[in-house]
Amino acid sequence: MGRKKKKYADDDGRTIADMNVDGLPWYNPSASDKKVAKEDKPTRKERHAMMRAWFSVYFPRIFAIVVGFGLAAALVMCWLNGWFIK
């Protein structure tokens, strides 16, 4: 008797990560010609939402780094010009 395949309620059959990679024993060059389904492509509204989310997460970090480098450069400039020495 063979084993029964498990069925999961949340499995819709889509592939999350394509494991057809050159160099692996199961590599099939003709299988990589698949086209992305239109339903899997993000819409314009979804792309804008993704970009807005990216900026809302990374902008404060990038801003803090730029401000930190600016303050460090200003302190080095003041130190090298002798403005802190009396």
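Since the model is a prediction, treat every value here as computed from it, not as a measurement. Numbering of residues starts from 1 in each chain and follows the order in which that chain's sequence is written. For this predicted model, a pLDDT threshold of at least 70 governs which residues receive local features, and a threshold of 80 or more governs which side-chain atom pairs are given and counted, while totals over whole chains, interfaces and linings are taken from all residues. Side-chain calculation: all heavy atoms of the structure are included, whereas hydrogens and water are not.

This part is about the overall build of the protein. Helix and strand assignments come from DSSP, with helices taken as H or I runs of at least 4 residues and strands as E runs of at least 2, each series counted from the N terminus. From N to C terminus, the protein includes one helix and zero strands. To sort residues, take the accessible area from a 1.4 Å probe on protein chains only and compare it with the maximum for the residue type: under 20% means buried, over 50% means exposed, and anything in between is partly exposed. For the protein, with 86 residues in total, the buried portion stands at 2%. Here the protein displays about 9100 Å² of accessible surface, and carbon together with sulfur accounts for 63% of that area. Accessible areas in this description were obtained via Shrake-Rupley with a 1.4 Å probe; residue shielding takes into account the shown protein chains only.

Okay, the packing of aromatic side chains next. Note on aromatic contacts: the rings of Phe and Tyr and the six-membered ring of Trp form a pair at centre separations within 6.5 Å, being stacked when their planes are under 30 degrees apart, edge-to-face when over 60 apart, and tilted otherwise. Enumeration over the complete set of coordinates arrives at three aromatic pairs. Taken together, a centroid distance of 5.2 Å and an interplanar angle of 35 degrees make the contact between tryptophan 54 and tyrosine 58 tilted. Remark: tyrosine 58 and tryptophan 54 occur in helix α1 (residues 44–81); sequence separation between them is four residues, near one turn of the helix. Take tryptophan 54: its relative accessible area is 41%, and that puts it in the partly exposed class. Aromatic pair phenylalanine 59 and phenylalanine 63: ring centres 5.9 Å apart, planes at 25 degrees, arrangement stacked. Here phenylalanine 63 and phenylalanine 59 lie together in helix α1, a separation of four residues that amounts to about one turn.

Attention now goes to the environment of methionine 19. Structurally, methionine 19 can be placed in the segment before α1. Methionine 19 gets classed as exposed once you look at its relative accessible area, which sits at 51%. In this description, contact between two residues means that some pair of their heavy atoms is separated by no more than 4.5 Å. For methionine 19, the residues in contact, after removing those within four places along its chain, are Leu24 and Trp26.

As for its placement among the helices and strands, arginine 14 is situated in the segment before α1. Exposure remark for arginine 14: the relative accessible area of 52% places this residue in the exposed category.

Our next topic: α1. A helix's residues, less one, multiplied by 1.5 Å, set its expected span. Helix length check: α1 (38 residues) gives 52 Å between terminal C-alpha atoms against 56 Å at 1.5 Å per residue, within 8%. At tyrosine 58, α1 shows its maximal kink, close to 40 degrees; a proline, proline 60, follows between one and four residues later. Once α1 finishes, glycine 82 follows within two positions and takes phi at roughly 80 degrees, a positive value. Fitting axes to the seven residues ending at a residue and to the seven starting there, one defines the bend at that residue as the angle between these axes.

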